[in-house]
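One letter stands for each residue in the lines below.
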Amino acid sequence: MKFALFSLMMNIPNSVTGETLTAQQKFQNVLNQAVLAEKLGFDAYGVGERHGAPFLSSSPPLVLTAIAARTSRIRLLSTVTVLSVLDPVRVAEDYATLDHLSGGRLEMIIGKGNDPRHYPLFGITEEEQWDSLAERYELLRRLWREEDVSWEGRYRTPLDQVTTQPRPFQKTIPLWHGSASSTRSTELAAKYGEPIFSSNTFHPMAKYKALIDHYRERLAYYGHDPKAAVVGAGGGSLYLANTNEEAIRRYRPYYDSFQSTDSAKHNQSPFKDLEDNIANGPALVGSADQVIEKIMKYHEAYGHQVLSISVDGLTEAEQLEQVERFASEVIPVLKREIPSTVWGSSSVLEPSLN
């Protein structure tokens, strides 16, 4: 299994200290996280996209470019790029630039996003999100693969013989489809024979497994080999301690604080409390042995080769502690037990299963 550390750059008062970082401090915190992740042997670092408080991650390509300048090996992920509201021409240009500046370490995860506030900001309705995503992705895909593109659609002005610059550094920028709530995403991924990345954050396993199963079924329908399917998955909140009881006690203030945010209220968690989330949801809270056992259980259901985790919201000292513990106590076991074809010696994920 391969591992990514990611941040949505959520900046809320710390549940333990009561302090809130300035925007500048939070940006530096994320840069330091990425450098630490590379040092500790993580395979990738991701930055998500949100448009509104308490998130500062409105411009992932800029943040990832700053990370690229401070690192040399780690893959750079957009977790996710909210393509449903963005101009594909601008996206093609910005991320191809990032691809060059990182030396070809970019992998994009696209999605429609889960914060409804971005739709009015960019001029579409929530009802249009899936149609908008599919159309914009078709255009982005052409812009990166073709020159002199002529195109006409619903969500931007027509193009006539357009070749975006710069061209991507990689022959093909690897692309994943974020999957969280609808078969529209898994259908789009299956159509093109491209990997999916399951959110696996807010709901019980069964919801996400149904989407992953649908993806594999539709791969076969479109003529791709479902046995070659590439799946990544998020993990719930991470907090490791020497015992399960200690982890729950130390993490509870953070969990309660997260649940009070507008974002958490929008996601409408089905879990009644932290213990319910640990027992029946994706939360990775407990001893290293318990967390390893849980990840193995989810792998048995999903068959995923990549796991992403986040330590946002913790104090910086606890972020360091948690990332180091995960790297030393969890990663070696799972790398040994779960094989992965992703990010091998070439460090490039083949984007097509065909």
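Data block above holds the structure.
To start, this report covers the structure provided alongside it. (Residues numbered from 1 in each chain as written. Predicted model: local features only at pLDDT ≥ 70, side-chain atom pairs only at ≥ 80, totals over all residues. Heavy atoms only, no water.)

For the rest of this paragraph, the subject is the nonpolar core. Of all hydrophobic cores here, the largest spans 84 residues; its most connected members are Phe42, Tyr45, Ile67, Tyr251, Ile295 and Phe326. Per-element tally for this core: the top contributor is helix H5 (residues 129-145), with 7 residues. If near-sequence neighbours (up to four positions away) are discounted, Tyr251 is found in contact with Ser237, Tyr239, Phe258, Leu274, Val285 and Leu314. Grouped together as the second largest cluster of nonpolar side chains are 14 residues, Met205, Val231, Tyr298 and Tyr302 included. (Core = buried A, V, L, I, M, F, W, Y, C linked by side-chain atoms within 4.5 Å. Buried < 20%, exposed > 50% of the residue type's maximum accessible area, 1.4 Å probe, protein only. Helix = DSSP H or I, 4+ residues; strand = E, 2+ residues; numbered from the N terminus. Contact = heavy atoms within 4.5 Å.)

The next thing to look at is the packing of aromatic side chains. In the structure shown here, the tally under the stated rule is 11 aromatic pairs. Where Tyr221 meets Tyr222, the ring centres are 5.0 Å apart and the plane angle is 85 degrees; that geometry is what we call edge-to-face. Here Tyr221 falls in the exposed class, since its relative accessible area comes to 58%. For Tyr222, a relative accessible area of 30% gives the class partly exposed. For the pair Tyr251 and Tyr255, a centre-to-centre distance of 6.5 Å together with 55 degrees between the ring planes defines the contact as tilted. Here Tyr251 and its partner Tyr255 are both found in helix H8 (residues 244-259), 4 residues apart, which amounts to about one turn of the helix. Taken individually, Tyr251 and Tyr255 each receive the classification buried, so the pair is uniform in this respect. One aromatic cluster is present, formed by Tyr239, Tyr251, Tyr254, Tyr255 and Phe258 through successive ring pairs. The ring centre of Phe55 lies 4.5 Å from the NZ or CZ of Arg50, which sits over that ring. (Phe/Tyr/Trp six-rings, centres within 6.5 Å; stacked < 30°, edge-to-face > 60°. Lys NZ or Arg CZ within 6 Å of the ring centre and 35° of its normal.)

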